[in-house]
Amino acid sequence: MEFVRKNIETLRLRVKEAAEKSGRREEDIKIVAVTKTVMPETIQVAVDCGLKILGENRVQEAQRKIELVKGDVSWHMIGHLQKNKVKYAVRLFSMIQSVDSYELAVEIDKRAGKLGKVMDVLVQVNIGKEETKFGAEYEETPELIKKISELENIRVKGLMAIAPFKEDPEDVRPFFRKMRELFLELKNLRLKNVEMEILSMGMTHDFHVAIEEGANMIRIGSGIFGPRI
Ligand SMILES: *Cc1c(COP(=O)(O)O)cnc(C)c1O
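Worth saying up front: this structure is predicted, and the values here are computed from it rather than measured.

Definitions and limits used
Residues numbered from 1 in each chain as written. Predicted model: local features only at pLDDT ≥ 70, side-chain atom pairs only at ≥ 80, totals over all residues. Heavy atoms only, no water. Helix = DSSP H or I, 4+ residues; strand = E, 2+ residues; numbered from the N terminus. Rg over C-alpha atoms; globule rule 2.2 N^0.38 Å. Buried < 20%, exposed > 50% of the residue type's maximum accessible area, 1.4 Å probe, protein only. Contact = heavy atoms within 4.5 Å. Areas by Shrake-Rupley, 256 points an atom, 1.4 Å probe, with all protein chains shown as cover. UniProt positions renumbered as here; feature names shortened; annotations may be inferred. Axes fitted to C-alpha atoms, helices over the stretch in contact; angles between N-to-C directions. Left-handed = near helix turned anticlockwise from the far one by under 90°. Nonpolar A, V, L, I, M, F, W, Y, C, P; charged D, E, K, R; others polar. Near = heavy atom within 4 Å. Polar contact = N/O pair within 3.5 Å; in protein donor to acceptor, adjacent residues only side chain to side chain. Salt bridge = Lys/Arg side-chain N within 4 Å of Asp/Glu carboxyl O. Lys, Arg positive; Asp, Glu negative; His and termini not counted. Arc of directions from axis to C-beta. Expected span 1.5 Å × (residues − 1).

Remarks on the overall build of the chain
Each helix and strand in the chain was counted, giving 9 helices and 8 strands. Relative to its length of 229 residues, the chain is compact, with a C-alpha radius of gyration of 17 Å against a globular reference of 17 Å. Seen through its principal axes, the chain has C-alpha atoms that stretch 45 × 40 × 30 Å. Counting all 229 residues of the chain, 49% fall into the buried class. Across the chain, every contact between residues at least 6 apart in sequence was considered, and the portion connecting residues at least 24 apart equals 62%. As displayed, the chain has an accessible area near 11,400 Å², and 49% of this comes from carbon and sulfur atoms.

This is how it looks when you write it as structure tokens:
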């Protein structure tokens, strides 16, 4: 497990460096430790190193781990969410980062309402226009968020994106830059129930570029836990 500790140390140094390049501090960037396929004992090491936000792609996998991992942590849903899993997701997660349709938002609103909870969400944008990826169309995102903002039991806290994979992370810089533009545009609209605070983008391969372009939340899996098997 020593490698997890080492990886986190290295990660923090690189986050600090990228944050300073964009005139911010290390503390301004939140790290989500992505725990898909990772064993609870290994996740625990990351939590004991002080990581406080854990990201999971699947509801069932999260459920099992939430019971086993100890500490003051919150769990974020970062994978595609099926409507029939929403009722579990609103209980388990403190944020759903992968809202990409009005229908899904309506279901979250309904289920959160039943729990007497206001669910924090990010709207996922398909920034690379990739058919294999989920997310709302870039151009349609403002309209989607306006509609979602009418729902009482949902609070939009920002945007999430997965950049297309490029061998050279420099090649994704324009995608991250476009996301920041959209983020600022939406922030300026000052919609009710919308608090544009979080811009979640950047993974192990490209997080330094994402931070330089304005990300304030990054989602790191293999960079913490090693390659997934
Ligand atoms: C797996 C995953 C990550 C982390 O990917 P790494 O390349 O291992 O850092 C981040 N975000 C989402 C949505 C993921 O599914």
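Now that the structure is up, let's keep going.
Topic: the UniProt feature "domain: Alanine racemase N-terminal" (unreviewed entry) in the chain
In this numbering, the UniProt entry assigns the feature "domain: Alanine racemase N-terminal" (unreviewed entry) to residues 14–227. End C-alpha atoms of residues 14–227 are separated by 19 Å, and the span's content is 39% helix alongside 21% strand.

Notes on the packing of helix H6 (residues 141–148) against helix H7 (residues 173–189)
Interhelical geometry of H6 versus H7 gives an angle of 35° and a closest axis separation of 11 Å. Every pair of crossing elements has a handedness; the one defined by H6 and H7 is right-handed. Taken together, the residues of H7 that come into contact with H6 (itself represented by Thr141, Pro142, Ile145 and Lys146) are Leu182, Glu185, Leu186 and Leu189. The residue makeup of the contact of H6 with H7, split by class, is 5 nonpolar, 1 polar and 2 charged.

Quick look at unusual backbone geometry
The residue Lys129 is not glycine, and still its phi comes out positive at about 50°. Phi is positive for Asn193, close to 65°, though the residue is something other than glycine. Inspection of the secondary structure assignment puts Asn193 in the loop between H7 and strand S7 (194–201). For Asn193, a relative accessible area of 27% corresponds to the partly exposed category.

Concerning the site of the ligand
For the ligand, the full set of nearby residues is Val34, Lys36, Asn57, Ile78, Ile162, Met203, Thr204, Arg219, Ile220, Gly221, Ser222 and Arg228. Within the backbone of Gly221, one N or O atom sits 2.8 Å away from an oxygen atom of the ligand. Arg228 places a polar side-chain atom, nitrogen or oxygen, 2.9 Å from an oxygen atom of the ligand. Burial of the ligand by the protein chains amounts to 90% of its free accessible area of 390 Å². Considering only residue class, the shell around the ligand consists of 5 nonpolar, 4 polar and 3 charged.

Focus: the pattern of salt bridges
For the structure on display, the rule yields 20 salt bridges. Of the charged contacts in the structure, one is a salt bridge between Glu137 and Lys129, with a shortest N-O distance of 3.8 Å. Relative accessible area serves as the criterion here: at 49%, Lys129 is assigned to the partly exposed category.

Observations concerning the side chain of Asp206
Its place among the elements puts Asp206 in the loop between S7 and helix H8 (207–212). Summary of buried charges: Asp206 has no salt-bridge partner, and the nearest side chain of opposite charge, Arg219, is 7.2 Å away. Leave out the neighbours within four places in its chain, and Asp206 touches Ala163, Pro169, Val172 and Phe176.

What about H6?
Buried within H6 we find Thr141, Pro142, Leu144, Ile145 and Ile148. For H6, the buried positions fall inside an angular range of 160° around the axis, keeping them on one side. Looking at the buried residues of H6, the elements they touch are strand S4 (95–99), helix H5 (102–115), strand S5 (119–125), strand S6 (154–161), H7 and S7.

Notes on the UniProt feature "modified residue: N6-(pyridoxal phosphate)lysine" (unreviewed entry) in the chain
Those places that UniProt annotates as "modified residue: N6-(pyridoxal phosphate)lysine" (unreviewed entry) correspond, in this numbering, to Lys36. Structurally, the position occupied by Lys36 is in the loop between strand S1 (30–34) and helix H2 (40–48).

Here's the deal with H7
Turn by turn, an α-helix covers 3.6 residues, leaving residues three or four places apart pointing in a common direction. For H7, with 17 residues, the first-to-last C-alpha span of 25 Å sits near the 24 Å given by 1.5 Å per residue. When we look at burial in H7, the residues that qualify are Arg173, Phe176, Met179, Leu182, Phe183 and Leu186. Here the buried face of H7 lies against S5, H6, S6, S7 and H8. Within two residues after H7, Arg190 carries a phi angle of roughly 50°, on the positive side.

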